[in-house]
Amino acid sequence: MKILITGTRGIPDILGGVETHCESLYPRIVKKNVEVTLARRSAYVTSENKISDYKGIQLVDLHSPKKKSLEAIIHTFLAIWFAKRNGFQYVHIHAIGPSLVIPFARFLGLKVVMTHHGPDYDRQKWGKLAKAFLKTGEWCAARFANEVIVISTTINNILKEKYNRHNAHLIHNGVVISTPAKNSDYIELLGLENKKYLVAVGRFVPEKGWHDLLEAKDKINPDYLLVFVGDADHPSPYSEEIKQKAKEKGVILTGFIKGEKLHQVFSHAALFVMPSYHEGLPIALLEALSYNLKVVVSNIPANKEVKLEEQSFFQVGNVDELGKKINRELASEKSTNYHALLQQYYNWDQIADQTLDVYKMLMK
C-alpha cells in the first residue's frame, strides 16, 4: 500500500501536536509494509531538517506561504495534486482546515482518510472568516472522507451530533513511556534546580491560557520557578506580550525545544501545568504523565477525557483556583504512577495497528 500524508507542517522536530502525532505514528506504520510519503510545508524546512527520508518515511517538500490563514489550504491543495500526478491512490489528511480540499481529492479519484484533531474553530486566534472556513472543512471531512479518525470521544460526539456521522474510528493520541534523564546540564544552564520548578508547554496562542498562568504566578509558592516551553508559529501581539510579561515576572523561556533538552526539563520538574481553553487530546499532557509528573490542568472536555484524579483539574479561566491547586499539589507528598493508564489507552504501537486497520478498509 502506498499513501500520502498531508495536513501537517512536517517532521521531524517541527513544533505542533499534529506534527508530534505524525512523527510518532508513521515510523511504526512503515514497519507494517506501508509505503508512506509525507508532504512537508516548505516554510518549515530548515538546513537542520532538510532531509528526504525519516525512519523510512519519504519526505517531499511542497510550497507553502508562512501565513497562518493560507499555508494549510494552499499546501494541502498542492499535496493532493502531487498525489494524483505521482500515482497515489490513498491520502491521509490531518486536521479540519486542510480538509477543505477533500472534495477535490475525491473528484480526482483518491480515497481519503481524515484525522480530526479537534474543533480548531474554537481557537481564539481565528477571526470570523477563518472560523467559517474551518467549520466548512469539518463539514467536508464528515461528508466526503472515506474514513474518519477522531482522537477523542468529545470529537466523535461532535461528528455524530452535527453531521450524523456515526462510523468514525476512535483512535487516541499516544505517548512513549519515559525514563527520567540522568543528566541535568541543560536545566542547570537555565538556572533551574531539580524539582524546584513548574513547566508549561505549548504554542504562544490565547487558547493555551498563558495569560492566566502568568496572572497566577504571583499566587504560587515563590520557592518554585516557572518555565515556559514553546513559542509562536507566527509572531503576534499576544505572543509578544506573553514573552514580555514572562520576562518581567522572572519566567524562564526556553523557546521551542525537543530531544534531550525537553527530556531534561520534564524529568526534573516538580509539576506540569496546562491552563488551556481548547485542546484536541493534548500530547504535552500525555508526555508529562509519562514522566509521572504531578499535573494541574483546566477542566475542558479534552483534558477531562484523560482519567486523572479530580484534584488535578481547575475551572478553566479561574486564576485563583489555578494558584490554589498548584500550591496544593506542590505541598502534597503523594507519588504518582500513570504508566498503566498510558499503556492501556495511549500506546503508539496499538495506535499504529488501529490506524492500519482503517487503511485496510480503504483497500476493500
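Everything here concerns the structure above.
Just so it is clear, the structure is predicted and the values come from calculations on it, not from any experiment.

Student: Which parts of the structure should I look at to understand the environment of alanine 246?
Tutor: Secondary-structure assignment places alanine 246 in helix H8 (residues 237-248). Taking the relative accessible area as the measure of exposure, alanine 246 reaches 0% and is therefore buried. Distance from alanine 246 to histidine 211, taken between C-alpha atoms, is 9.3 Å for residues 35 residues apart in sequence. Leave out the neighbours within four places in its chain, and alanine 246 touches Leu214, Phe228, Val251 and Leu253.

Student: Explain the sheet that holds strand E4 (residues 57-62) here, please?
Tutor: In sheet architecture, strand pairing relies on hydrogen bonds along the backbone and comes in two forms, parallel and antiparallel. The strand order E3-E4-E2-E1-E5-E6-E7-E8 describes an open sheet built from eight strands, whose pairing is mixed. In the strand order of this sheet, the two ends are held by strand E3 (53-54) and strand E8 (169-170), each with one partner. One ladder, built from five bridges, connects strand E5 (residues 90-94) with strand E6 (residues 111-116); its direction is parallel. Within the sheet, the bridge partner assigned to histidine 92 lies in E6 and is valine 113. Where helix H5 (residues 153-163) meets the sheet, it contacts E6, strand E7 (147-150) and E8, and its direction lies at approximately 140° from that of E7.

Student: Teacher, can you tell me more about the pairing of E7 here?
Tutor: Consecutive residues of a regular strand have side chains that alternate between opposite faces of the sheet. Neither face of E7 is left uncovered, since the one carrying Glu147 and Ile149 and the one carrying Val148 and Val150 both have all their residues buried. In this sheet, E7 lies alongside E6 in parallel orientation, the contact comprising four bridges. When the sheet's bridge partners are listed, histidine 116 is paired in E7 with valine 150. Two elements, E7 and E8, share two bridges in a ladder whose sense is parallel. Paired with isoleucine 149 across the bridge in E8 is histidine 169. You can see the chain leave E7, run along H5 and come back into E8, and the turn it takes is right-handed.

Student: Would you mind showing me how to read the pattern of salt bridges here?
Tutor: Opposite charge on two side chains permits pairing when their charged atoms draw close. On inspection of all chains with the given rule, the structure shows 16 salt bridges. With a closest N to O distance of 3.0 Å, aspartate 349 and arginine 28 form a salt bridge. Here aspartate 349, found in helix H14 (residues 348-363), pairs with arginine 28, found in helix H1 (residues 17-30); they are 321 residues apart in sequence, far enough to count as distant. The shortest N-O distance in the salt bridge between lysine 243 and aspartate 231 comes to 2.8 Å.

Student: How do you make sense of the sheet that holds strand E12 (residues 271-274) when you look at a structure like this?
Tutor: The six strands are arranged E11-E10-E9-E12-E13-E14 in an open sheet whose pairing can be described as parallel. Edge positions in the open sheet fall to strand E11 (252-255) and strand E14 (313-314), since each of these has one partner strand only. Where E12 lies against strand E13 (residues 294-298), four bridges are found, and the strand directions are parallel. Paired with methionine 274 across the two strands is valine 297, which belongs to E13. Packing of helix H9 (residues 259-267) onto the sheet brings it into contact with strand E9 (197-201), strand E10 (225-229) and E12, and relative to E9 it is tilted by some 130°. On the sheet, helix H10 (residues 283-290) packs against E9, E12 and E13 and is oriented at approximately 165° with respect to E12.

About the thresholds
Residues numbered from 1 in each chain as written. Predicted model: local features only at pLDDT ≥ 70, side-chain atom pairs only at ≥ 80, totals over all residues. Heavy atoms only, no water. Helix = DSSP H or I, 4+ residues; strand = E, 2+ residues; numbered from the N terminus. Buried < 20%, exposed > 50% of the residue type's maximum accessible area, 1.4 Å probe, protein only. Contact = heavy atoms within 4.5 Å. Pairing = 2+ DSSP bridges. Axes fitted to C-alpha atoms, helices over the stretch in contact; angles between N-to-C directions. Right-handed = clockwise from strand over helix to strand, strands pointing away. Salt bridge = Lys/Arg side-chain N within 4 Å of Asp/Glu carboxyl O.

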